[in-house]
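These are the residues of each chain, in order.
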Amino acid sequence: MLLKNQSKLSLVSKIDIPYMYEIIEKGSWLDNGVKVGNYTTIKSGAKIGKNTTIGDYCYIDSDVVIGENNVIETGVYIKGNVLIGNNNYIMDKTVIGLPSKHIGYHLYKGKVIIGNNNFIGNNCAIDCGNNYISKEHAELLPYLSHDLPKEYDVEDATIIGDRCYILNNVAI
């Protein structure tokens, strides 16, 4: 689904990109045709597929994988374990994924998976599910994702499939 041939990706080896004031950390993977706006931060370890456009004032965390031909508008914040497919349009000031959560004495790192050909309106908030809670504390989640194929390892993740249209100001 995403970045099938990572050998075509280019590893950023130094911060020497011809844009104004953005921070693209060493170790980021940017494929051909990726455009990055001003004042945008891309953390080390982030992977961005070809022909993806990222607007101004965005933040892309290290555990984020973004597929090909996506448009991410101004002020989008993507943090945590997030997987975004191909041909998505994400409007401005949207927040996808959040840092790990503490539930009781346990730290859980959630996950967000967004499929292909989706539209996400502006000012949306898509929070991550809590991975692995059901294995130790099933009482914390009334609805579990047991029906999903095992190979996806998406237990209790927030999943948005293909061809979804999410309106402005929606929180998931």
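Residues numbered from 1 in each chain as written. Predicted model: local features only at pLDDT ≥ 70, side-chain atom pairs only at ≥ 80, totals over all residues. Heavy atoms only, no water.

> Explain the side chain of Thr40 to me, please; I cannot follow it from the model alone.
Relative to the helices and strands, Thr40 resides in the loop between β4 (35-36) and β5 (41-42). Taking the relative accessible area as the measure of exposure, Thr40 reaches 0% and is therefore buried. For Thr40, the side chain forms a polar contact with the main-chain nitrogen of Cys58, separated by 3.2 Å. (Helix = DSSP H or I, 4+ residues; strand = E, 2+ residues; numbered from the N terminus. Buried < 20%, exposed > 50% of the residue type's maximum accessible area, 1.4 Å probe, protein only. Polar contact = N/O pair within 3.5 Å; in protein donor to acceptor, adjacent residues only side chain to side chain.)

> Help me understand the pairing of strand β12 (residues 81-84), please; the structure alone is not making it clear to me.
Burial along β12 is one-sided: Val82 and Ile84 are buried, while Asn81 and Leu83, pointing the other way, are not. Bridge count between β12 and strand β17 (residues 111-114): four bridges; the pairing is parallel. Bridge assignment links Asn81 to a residue of β17, and that residue is Lys111. (Pairing = 2+ DSSP bridges.)

> Explain the sheet that holds strand β2 (residues 23-24) here, please?
By way of backbone hydrogen bonds, the strands of a sheet pair with one another, either parallel or antiparallel. With parallel pairing, six strands are arranged side by side in an open sheet as β2-β5-β8-β11-β14-β19. Looking at strand neighbours, the two that pair on one side only are β2 and β19 (125-126), the edges of this open sheet.

> Would you take a moment to explain the pattern of salt bridges for this structure?
Once the charged atoms of two side chains with opposite charge are near each other, the side chains can pair. With the rule as written, the count across this model stands at two salt bridges. Among the ionic pairs, Glu25 bridges to Lys43, the shortest N-O distance being 2.9 Å. One end of the pair, Glu25, is in the loop between β2 and β3 (29-30); the other, Lys43, is in the loop between β5 and β6 (47-48), with 18 residues separating them in the sequence. Across the salt bridge formed by Lys79 and Asp61, the nearest N and O atoms sit 3.5 Å from each other. Taken together, the positions of Lys79 in the loop between β11 (77-78) and β12 and Asp61 in the loop between β8 (59-60) and β9 (64-66) put the pair 18 residues apart, joining distant regions of the chain. For the pair shown, Lys79 and Asp61 are each scored as buried. (Salt bridge = Lys/Arg side-chain N within 4 Å of Asp/Glu carboxyl O.)

> Any chance you could explain the sheet that holds strand β7 (residues 53-54) here in plain terms?
A sheet is described by the order of its strands in space; here six strands give the open sequence β4-β7-β10-β13-β18-β21, paired in parallel fashion. Looking at strand neighbours, the two that pair on one side only are β4 and β21 (165-166), the edges of this open sheet. When β7 meets strand β10 (residues 71-72), the two strands line up parallel, connected through two bridges. Bridging from a neighbouring strand, Ile54 pairs with Ile72 of β10.

> Would you mind going over the environment of Asp63 with me for this structure?
Tracing the backbone shows Asp63 in the loop between β8 and β9. Looking at Asp63, the relative accessible area reads 32%, which means it is partly exposed. The sequence separation of Asp63 and Val82 amounts to 19 residues, and the corresponding C-alpha distance is 6.6 Å.

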